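# Working through the structure, step by step
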Amino acid sequence: TTSSTTSSTTTTMKSDPSYTKGSTIASTTTRRPTDTDSTTISLASTNSISRGSGGNNTTNTGTSASYATSTNIWAKLLGGNESVWDGLDGRDDVYDDPNDNNDHDDLISTKSRYENEGICGTAPLKICLMGAWYETRHFFETLGKHPVIIVVSLAVFGLVCGLGMWAVESEREAFVMDRMDTAKFVARETAEYFANEFRRSMVPLYALREAIQYSGHFDALPDLIGNYPSNLQAENVAILGGDMTQRNITGVCDQPQVLADWKSMVTKISDEHDLNGLIFRYRLWPKNVACLEFKGGEAMMDSGMDASYSPHPFWSQVVIDIQVDRWNGLHVFGPFEAKLPSGVADVFCTHIPLWTSTTGENAFKDVVKVQGTDVQNVWGFTMLYLNWSAMKERSNMYERFENVNMEFELFREEEPRLGDVGPKGLPTKEMTKLAWSEQADKLNEGNSVEVKTESLHGIWINRVGVVGDNGWNPEWWPTAVASVVVGSFILMVLTAMTMVKSYLHKDLVNRMLPKQAIRKLQRGQTVVEKYNIVTVFFADIVGYTGAAGSMRPAQVMKMLNELYTELDKLAEKHQVYKVETVGNQYMVVAGAPERVTGRVGAQRVALFALDAINFVSKYQTKEGDKILIRAGMASGPTVAGVVGQAMPRYCFFGETVDFASKMESTSKKMKIQVSEMTYRLLLDCVNLKFVMTKRMEGGIAGVEIKGKGQQVTFWIEKASPCEKCFELATGSFALVPCGHIMCADCNEKYKMLPCPTCRCKVDDRVEWRGKPTKIVDESVEVEHAPVFDEEAGLTSETML
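A few points on the structure.

## With respect to the overall build of the protein
- Check the secondary structure of the protein and you find 19 helices and 35 strands.
- Across the 800 residues that make up the protein, the buried fraction comes to 44%.
- Here the analysis covers contacts within the protein between residues at least 6 apart in sequence; of these, 69% occur between residues at least 24 apart.
- Carbon and sulfur atoms make up 52% of the accessible area of the protein, which amounts to about 41,400 Å² in all.

## Considering the state of the cysteines
- For the coordinates displayed, the defined rule picks out 1 disulfide.
- The disulfide that involves Cys253 links it to Cys291, with 1.7 Å between the sulfurs. Measuring the twist about the S-S bond at about -120°, one finds the Cys253-Cys291 disulfide to be left-handed. Taken together, the residues span a long stretch of sequence, with Cys253 in the loop between strand S6 (242-247) and helix H8 (256-273) and Cys291 in the loop between strand S7 (279-286) and strand S8 (292-295) at a distance of 38 residues.

## Quick look at the packing of helix H4 (residues 125-145) against helix H5 (residues 147-201)
- Interhelical geometry of H4 versus H5 gives an angle of 95° and a closest axis separation of 4 Å. When the interaxial angle is binned, H4 and H5 end up roughly perpendicular. Here H4 contributes Thr142, Leu143, Gly144 and Lys145 to the contact with H5, which in turn contributes Pro147, Ile149 and Ile150.

## Re the sheet that holds strand S15 (residues 407-412)
- Strand order in the open sheet made by the 4 strands is S16-S15-S18-S17, with antiparallel pairing throughout. Both edges of this open sheet fall to strand S16 (433-436) and strand S17 (448-455), since each of them pairs with a single strand only. When the angles between neighbouring strand axes are averaged without regard to direction, this sheet yields 15°.
- When S15 meets S16, the two strands line up antiparallel, connected through 3 bridges. Opposite Phe411, over in S16, you have Lys433 as the bridge partner.
- Packed on one face of the sheet, H5 meets S15, S17 and strand S18 (458-465) and runs near 25° to S17.

## So, the sheet that holds S7
- If you trace the 6 strands from one edge of the open sheet to the other, you get S9-S8-S7-S14-S11-S10, paired in antiparallel fashion. One side of each edge strand has no neighbouring strand; the edge strands of this open sheet are strand S9 (298-301) and strand S10 (331-340). For this sheet the average axis-to-axis angle between neighbouring strands, irrespective of direction, equals 20°.
- In the sheet, strand S11 (residues 343-355) pairs with strand S14 (residues 378-387) via 9 bridges, with the strands oriented antiparallel. In the strand pairing of S14, Phe348 is matched with Leu386.
- Against the sheet, H8 contacts S7, S8, S9 and S14, and its axis sits at roughly 45° relative to S8.
- Helix-sheet contacts for helix H9 (residues 313-324) involve S7, S10, S11 and S14, and the interaxial angle to S11 is about 40°.

## Examining the side chain of Thr142
- Along the chain, the position of Thr142 falls in helix H4.
- On the basis of relative accessibility, which here comes to 4%, the residue Thr142 falls in the buried class.
- Every residue in contact with Thr142, bar those within four places of it in the chain, is listed here: Ile149, Val500 and Leu504.

## Regarding a positive patch on the surface
- A cluster of like positive charges, contributed by Lys506, Lys515, Arg519 and Arg523, occupies part of the molecular surface.
- In this fold, Lys506 is placed in helix H12 (residues 477-512).
- Given the relative accessible area of 44%, Lys506 is considered partly exposed.

## A few points about the packing of aromatic side chains
- As enumerated under the stated definition, the model contains 27 aromatic pairs in all.
- On the numbers, 4.9 Å between centres and 80° between planes, the contact of Phe198 with Phe348 is edge-to-face. One end of the pair, Phe198, is in helix H5; the other, Phe348, is in strand S11, and 150 residues separate them in sequence.
- Look at Phe198 and you get buried, because its relative accessible area is 0%.
- Judged by relative accessible area, which is 0%, Phe348 ranks as buried.
- By way of ring pairs, the aromatic residues Tyr193, Phe194, Phe198, Phe348, Trp388 and Trp460 are connected into one cluster.

## Side note on a nonpolar patch on the surface
- On the surface, Val486, Phe489, Ile490, Leu491, Leu494 and Met497 cluster together into a nonpolar patch covering about 530 Å² of accessible area.
- Locating Leu494 in the fold gives a position in helix H12.

## Considering the nonpolar core
- Counting 57 residues, the largest nonpolar core has Ile212, Phe218, Trp262, Leu284, Leu292 and Trp388 as the members making the most contacts within it.
- When residues of this core are assigned to their parent elements, the largest contribution, 7 residues, is made by H5.
- Not counting the four nearest positions on each side in its chain, Phe218 is found in contact with Ile212, Val258, Asp261, Trp262, Met265, Leu284, Leu292 and Trp379.
- Ala590, Ala631, Tyr679 and Leu682 belong to the second-largest nonpolar core, a separate cluster that totals 42 residues.

Definitions and cut-offs
- Residues numbered from 1 in each chain as written.
- Predicted model: local features only at pLDDT ≥ 70, side-chain atom pairs only at ≥ 80, totals over all residues.
- Heavy atoms only, no water.
- Helix = DSSP H or I, 4+ residues; strand = E, 2+ residues; numbered from the N terminus.
- Buried < 20%, exposed > 50% of the residue type's maximum accessible area, 1.4 Å probe, protein only.
- Contact = heavy atoms within 4.5 Å.
- Areas by Shrake-Rupley, 256 points an atom, 1.4 Å probe, with all protein chains shown as cover.
- Disulfide = S-S within 2.5 Å.
- Axes fitted to C-alpha atoms, helices over the stretch in contact; angles between N-to-C directions.
- Parallel < 35°, antiparallel > 145°, perpendicular 65-115°, else oblique.
- Pairing = 2+ DSSP bridges.
- Patch = residues over 30% accessible without salt bridge, like charges linked within 9 Å, V, L, I, M, F, W, Y side chains within 5 Å.
- Salt bridge = Lys/Arg side-chain N within 4 Å of Asp/Glu carboxyl O.
- Lys, Arg positive; Asp, Glu negative; His and termini not counted.
- Charge placed at Lys NZ, Arg CZ, Asp CG, Glu CD.
- Phe/Tyr/Trp six-rings, centres within 6.5 Å; stacked < 30°, edge-to-face > 60°.
- Core = buried A, V, L, I, M, F, W, Y, C linked by side-chain atoms within 4.5 Å.

Function cannot be read off these values alone, since they describe shape.
Structural data, given as structure tokens:
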């Protein structure tokens, strides 16, 4: 149905011996046997014929401005003995469109140029960047077209990130709990160790008290010292931390037998309890006067300070606590610094009161005034000094906490009650801290735990924790969180890339084949379908205007791509199915593969055809060239299916397809020819009215169709929702931007809908305020003056 013959006007030029090879080529014309218009178009704006004999040169110059309805665009570019393409040999830039900004084309052409020039190895950086930019742009364009990819990718990110964070958080919580349990265990174990050792170190003091009370070695000392002011030596003697009252105890506390008994008693008690030097000093205070002391393995007389009458804040508080207030248990104070033979160390001092017996020969029934308070049965008190530094060193507590990478701080819960200073004049507030690590000051409630332990020194609290940016959290936690987020993001990107690739493939296949055909092919089934009534449309490019000979092949391809891309958009808008594009022939159908009634299918194709003709009439290239097409339609039964496996195509077969092709081939430029069946279907349309005229050639209706004889055919002129919409009347509306007219009734009916004729979105509706006017074709001169609403910027001319 599309056979053609080619005639050349250059035959005589080739056969002429005086023909010069450098002369410009002449035009060739491709004809169809049924074409009635013999007008041709010249590919060259200048034809020069040079004859070598006689010195005569004849030059014919002219410019073609005619339409070539009988000319196929590819025949113009390829036909004849010497075509336009022959003149492009040796030109590097002919295939490149200088106005084309397509990055992908630039990438391919640049890469090809490097390959042609023999440059091997890695492509230049520009090619890599251009390729990356093209792929990235294409990727995001696909995301914009398919928001489901973004939703699924984000869902994957959220799911994977959530599961990963849940797993990391579970591991972190387990690690933190284990670490805190370890801290509590070590803290409790350490505190209990010190409490036990502290308690064990106080046993000698109890033993010493019992020995003093029941041995009788020192019963005479209180009487020999006497009550104040007996044996008063001096008052307000300055010592560390305050002043003291000093009694003269010479001849009392330095008696050899007293010293020997004191040494024997202390040495025996110390050896029995085997404290290995933790207790380094003992003192005895009869009548609250410092009488005897034991240190360094030797017994000696003490200072003679009277604690009952001395204003020293520490010692006065000691006797008040243990005698006036009847302190329950041991009276422990410290730790504070003291000078030892081995150096300065932290020490505790512990006091225990001694009371006189109320019965027996040695009973003391006198009253002692203690810091102004009369207290009965006071014998005095004894005390010892504990080397706290040595106890800490023996416990290996620092190494234990260092092994578990933790810091600690051991302190007493309450502050000492002994005034502001200790026995050496040091502030008592500092004596609540018992032991601490180097970075204990960085411990707080958020990164540590506290374990309380009861001791002879009151409630001890051991605070243990982990310092640093992570606190209890493991060191790997920030890295794990970052890894989960990065991994989730990478998986999200991979998911998006996979879905983009899948959707691109799916979109490509869906554009090539109907969905039901794809499903059958995927199941390995044969795709054959029969349709009772289908309307088939063919269009063909038959000519163009302008200096087409100057168009490069790349420009031709770009022009055709732009044209058919717009036609594809129109096909989608009018819900018709594009079958194929063969060369410059365009084919669509309605009624298949989506089954609709014959009237609906014919209406869709007719509206598409009118829109296509309207678009082509306005279309022109950047060079000003315009395209001319012809179209044909036919309706009837068809069979569709996919033939073969390689490069499958959904094809239509049957007499209706051939008839539609002949409707196109016998049509005229910028005309739509339809068969009689299509004509009757369009007449039966309910929502639209079509203006159609019977084709007449020389007084004969229709056109001669090869194999079918004379066939009655019709031209489609225009369409509107009703007959009133074909003319401008008072109350009519012009739709913006498409320009179609609707009467008042149709405007109210389609008020919230797109234009029923072209299915375009309506941005505005302008009411006609002029006198009634008949809408005529563009080719008919408008006799009346433009009286359309000028405030809206529209006239009857712009409407047309």
